[in-house]
Amino acid sequence: MANLKEIRGRISSISSTMQITRAMKMVSAAKLKKAQDAIVMLRPYSEKLQEIIQNVNSSSDPDQVSIYAQKREVKKVLFIAVTSNRGLAGAFNSNIVKELNIQFQNNSQYEIEVLTIGKKAYDAVRRNRTVFSNESSVFDKLSFDVVSNVTETVMSNFREGKFDEVYVIYNKFVNAATQEVITEKVLPISMVETDAVETQVETDYIFEPNRNEILDNLIPKSIKTQVFKAVLDSVASEHGARMTAMHKATDNAQELKNDLVIFYNKARQAAITNEILEIVSGAEALKNS
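Read on for a plain summary of the structure. In this text, all values refer to a predicted model and were calculated from it rather than measured experimentally.

Reading the values: rules and limits
- Residues numbered from 1 in each chain as written.
- Predicted model: local features only at pLDDT ≥ 70, side-chain atom pairs only at ≥ 80, totals over all residues.
- Heavy atoms only, no water.
- Helix = DSSP H or I, 4+ residues; strand = E, 2+ residues; numbered from the N terminus.
- Buried < 20%, exposed > 50% of the residue type's maximum accessible area, 1.4 Å probe, protein only.
- Contact = heavy atoms within 4.5 Å.
- Areas by Shrake-Rupley, 256 points an atom, 1.4 Å probe, with all protein chains shown as cover.
- Expected span 1.5 Å × (residues − 1).
- Arc of directions from axis to C-beta.

### A short note on the overall build of the chain
Then, number 1: Along the backbone of the chain there are six helices and five strands.
Then, number 2: Reading the helices (α) and strands (β) of the chain from amino to carboxyl end gives α-β-α-β-α-β-α-β-β-α-α.
Then, number 3: In the chain, buried positions account for 40% of the 289 residues.
Then, number 4: Counting contacts in the chain only where the partners sit at least 6 residues apart, residues at least 24 apart contribute 78% of the total.
Then, number 5: Approximately 16400 Å² of the chain is accessible, and the part contributed by carbon and sulfur atoms is 51%.

This is how it looks when you write it as structure tokens:
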């Protein structure tokens, strides 16, 4: 039978752990609301920007293709892996690492480098893969400008031909309990051809100064917005995953505590029963002496 003092110590330890997990859940829930609002507001802007680019591209000069849309023979691929700097978020980080390993296998014929946004991704790949850059510090003061600077570096390397394709891997926020791992192509961008006449009927644009110059300004902004959206999605997903993980941890701790309390009560009752038996046995022995 376990020592009663030991059981009381375990119950006290579990109670302390429950306080921590419950507090972490509340903190993540508060941060989730802000992060969720940010990604919900950005998504329509990003989608509308893509729509405008497609509409403008449909009637632009086909001979003047943006450098960011130029397809070339693939020799070197860059993956931007977005995780978090901290753990205790369930499978949030491990799902990204798992998807990254799948992409490594699927693209094993190419030379691969990784740009990590988040310490967990950096720790997972730095020993076995070439890390182009570790940008985990973007979470210190997260803003569009900070992420834009990282994206500009990637775009510059793509223009110089150092990378032929660029992908971003991140957790897309669905709801607090659900995150979907997404692999999106960032470069070269996809310029879908649409019917010019149909476009003119649906959208009436006046171009100033001209279509190609507008595309030269919109496309870089669209690429930076795409990466920023991936980071915001990941932040919201992180808080949702951590909130869910801490909720489950609290429930599991409560269940374990309940089991220990029952076990403690049984052990205590057994100890009391033994003491009574000893007293009765001693009394009988005295009576018979």
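Next comes the rest of the write-up.
### Quick word on helix 2 (residues 92–106)
Then, number 1: Taking 1.5 Å as the rise per residue, helix 2 with 15 residues should run 21 Å; its terminal C-alpha atoms sit 22 Å apart, in good agreement.
Then, number 2: If you check which residues of helix 2 are buried, you get Phe92, Asn93, Ile96, Glu99, Leu100, Gln103 and Phe104. Along the long axis of helix 2, the arc covered by the buried residues comes to 150 degrees, so they all point the same way. Opposite the packed face of helix 2, turned more than 90 degrees from it, sit the exposed residues Lys98 and Gln105.
Then, number 3: At its buried positions, helix 2 is contacted by strand 1 (76–82), strand 2 (111–117), helix 3 (119–125), strand 4 (165–175), strand 5 (178–187) and helix 6 (211–288).

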